[in-house]
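Topology and contacts: notes
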Amino acid sequence: MLMKIKTLPFLLAGFSTVFAAICSNGKTVGNAACCQLFPLLADLQENLFDSPCNEPVREVLHLAFHDAMGFSIRGGVGGGSDGSIITFASIETTFPENTALVGVIGWVTPLIARHNFSDGDFLHFAAAVGIATCPGAPRPNFLLGRPQARAPAESGLVPNASDSVTAILARFADVNINPSEVVALLAAHSVAADYDTDPVIPGAPFDTTPGIFDTQIFTEVLLRGVLFPGNGSNVGEVLSPLRGEVRLQSDFEIARDSRTACLWKELVGNQARMQSQFKAAFSSLSVTGQNTAAMVDCSDVIPIPAPVTVPPFFPQGFTSADIEDFCPSVQLPPLSTLPGPAPIVDSA
Ligand code: HEM
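Residues numbered from 1 in each chain as written. Predicted model: local features only at pLDDT ≥ 70, side-chain atom pairs only at ≥ 80, totals over all residues. Heavy atoms only, no water.

Let's shift gears to the overall build of the protein. On a plain count of helices and strands, the protein comes out with 12 helices and 11 strands. Its C-alpha radius of gyration of 20 Å places the protein within 12% of the 20 Å reference for a compact globule of 348 residues. Along the longest, intermediate and shortest principal axes, the C-alpha atoms of the protein span 60 × 40 × 35 Å. For the protein, the proportion of its 348 residues judged to be buried stands at 52%. Intrachain contacts of the protein at a sequence separation of at least 6 include 69% that bridge at least 24 residues. With the model as given, the accessible surface of the protein reaches about 14600 Å², and the carbon-plus-sulfur share is 58%. Where the 18 positive side-chain charges of the protein centre and where its 33 negative ones centre are 8 Å apart. (Helix = DSSP H or I, 4+ residues; strand = E, 2+ residues; numbered from the N terminus. Rg over C-alpha atoms; globule rule 2.2 N^0.38 Å. Buried < 20%, exposed > 50% of the residue type's maximum accessible area, 1.4 Å probe, protein only. Contact = heavy atoms within 4.5 Å. Areas by Shrake-Rupley, 256 points an atom, 1.4 Å probe, with all protein chains shown as cover. Lys, Arg positive; Asp, Glu negative; His and termini not counted. Charge placed at Lys NZ, Arg CZ, Asp CG, Glu CD.)

Written as structure tokens, this is what we have:
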């Protein structure tokens, strides 16, 4: 894929010099090793992420998250963001937390076979490319160089929606992710949908704009819950403010817990802050258990996402009076209310 290496020296702070390369498709990258990613990028764009922020985007991101959690700073439970959830799919998809991921592994398997990357590089590159198709997303970083996974992760390492905030924060701390990063990572639920928590309404999103990587999740999870959108209360589900929208117990509690409520409220209506915090936290998540010193920064291969065009809002019928405020010291930004009656949120 590399056509020629042009020695374009870029002087960086500290006077170190790096050399850019021009790949055969005419794109300039900071490191020639990154050129090999362009055929995979094109394949993903044509054959998996062929519309912005689609179901494969959500499912690949979900898969990458579950893969990343297969690690502990104390060692011994898995290789983290190493693609083991694909390499050892026959084992890891028997874990209760991963049974719903069989389908997406089937979707990505032919793409993996057409390229020459480790399963970990494939998965975490695909997740970054997928996020970048969502309007409003930050441009994720991507580091190349994960060795092929050597062993499956253990079961039980991914938090459940019914877990306590203490248990959730402890599990993330064990992969080196702090509470502020946990809150920022939950921006992923702005483009997510639910299939298993309440199976009678498959595809029910967690906010009113599942096709946009925005801050609505942070606003809408703070609205007072009044109904169950499906067949009543399920494990891990709590009252939702809107018909058609599922609310996870974990999102609800993280938004209200004294350790995380202010971090959550700071992201309400603040797209720029959400983007920068998600980008940083997702960088960490995508390299859990990896030796980043041996990896090459190929972030410049990731496309630049389209901006979000709709300003943050309260859904129809809601105002700041409907917010359950667990952090009075943080001011809510002024948000206008969409006109009309309260909506029934469409499945994603
Ligand atoms: C507190 C930790 C978390 C819990 C308890 C949690 C729980 C859940 C649950 C229960 C679902 C619905 C799954 C289904 O029914 O199909 C879901 C969906 C999803 N989650 Fe999370 N999650 C957490 C953190 C994250 C993080 C850190 C990410 C990524 C950065 C993420 C990305 C997603 C995505 C993309 C989906 C949608 C999958 C789809 O549409 O098929 N989650 N999550």
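Further notes follow.
Applying the stated criterion across every chain yields a total of nine salt bridges. Across the pair D121 and R146 runs a salt bridge whose closest N-O atoms are separated by 2.8 Å. Here R146 lies in the loop between strand 4 (143-144) and helix 7 (165-173) and D121 lies in helix 6 (residues 119-132), a separation of 25 residues in the sequence. With relative accessibility at 6%, the residue D121 sits in the buried group. With its nearest N and O atoms 2.8 Å apart, the salt bridge here joins D174 to R171. R171 shares its class with D174; the two are buried. Ionic contacts of the salt-bridge type, sharing partners, join the residues R74, R171 and D174 into one network. (Salt bridge = Lys/Arg side-chain N within 4 Å of Asp/Glu carboxyl O.)

This paragraph deals with the domain arrangement of the protein. Partitioning the protein into domains gives domain 1 (37-157 + 288-301) and domain 2 (177-272 + 315-337). Computed from C-alpha coordinates alone, the two centres of domain 1 and domain 2 are separated by 25 Å. At the interface, 12 residues of domain 1 touch 11 residues of domain 2. Summed over both partners, the interface of domain 1 with domain 2 comes to about 810 Å²; 63% of that surface belongs to carbon and sulfur atoms. On the domain 1 side of the contact with domain 2, C53, R58 and P135 bury the most area, a combined 45% of that side's loss. Our count for the contact surface shared by domain 1 and domain 2 stands at zero salt bridges. Counting across the interface, domain 1 meets domain 2 through three residue pairs in polar contact (both at pLDDT 80 or more). When grouped by side-chain class, the residues that make up the side of domain 1 that touches domain 2 number eight nonpolar, one polar and three charged. (Domains from an automatic or database assignment. Buried area = accessible area lost by both parts, 1.4 Å probe. Polar contact = N/O pair within 3.5 Å; in protein donor to acceptor, adjacent residues only side chain to side chain. Nonpolar A, V, L, I, M, F, W, Y, C, P; charged D, E, K, R; others polar.)

In the vicinity of the ligand, 24 residues are found, and the nearest of them are R58, H189, D194, Y195 and D196. The side chain of R58 places a nitrogen or oxygen atom 2.9 Å from an oxygen atom of the ligand. A193 has a polar backbone atom sitting 3.3 Å from an oxygen atom of the ligand. Breaking the shell around the ligand down by element, the ones donating at least two residues are helix 2 (55-68), helix 7 and strand 5 (193-194). Here the shell around the ligand gets five residues from one element, more than from any other, and that element is helix 2. (Near = heavy atom within 4 Å.)

Another point: the confidence of the model for the protein. Mean pLDDT for the protein: 95, with 95% of residues reaching 70 or above. Of the regions scoring below 50 in pLDDT, residues 1-17 engages in 35 contacts with residues more than four places distant in sequence or in other chains. (pLDDT = per-residue confidence, 0-100.)

In the numbering used here, UniProt assigns the feature "binding site: heme b" (unreviewed entry) to H189. With respect to the helices and strands, H189 occurs in the loop between helix 8 (179-185) and strand 5. Relative accessible area serves as the criterion here: at 19%, H189 is assigned to the buried category. With residues up to four places along the chain from it excluded, the contact list for H189 reads F206, I217, L248 and D251. (UniProt positions renumbered as here; feature names shortened; annotations may be inferred.)

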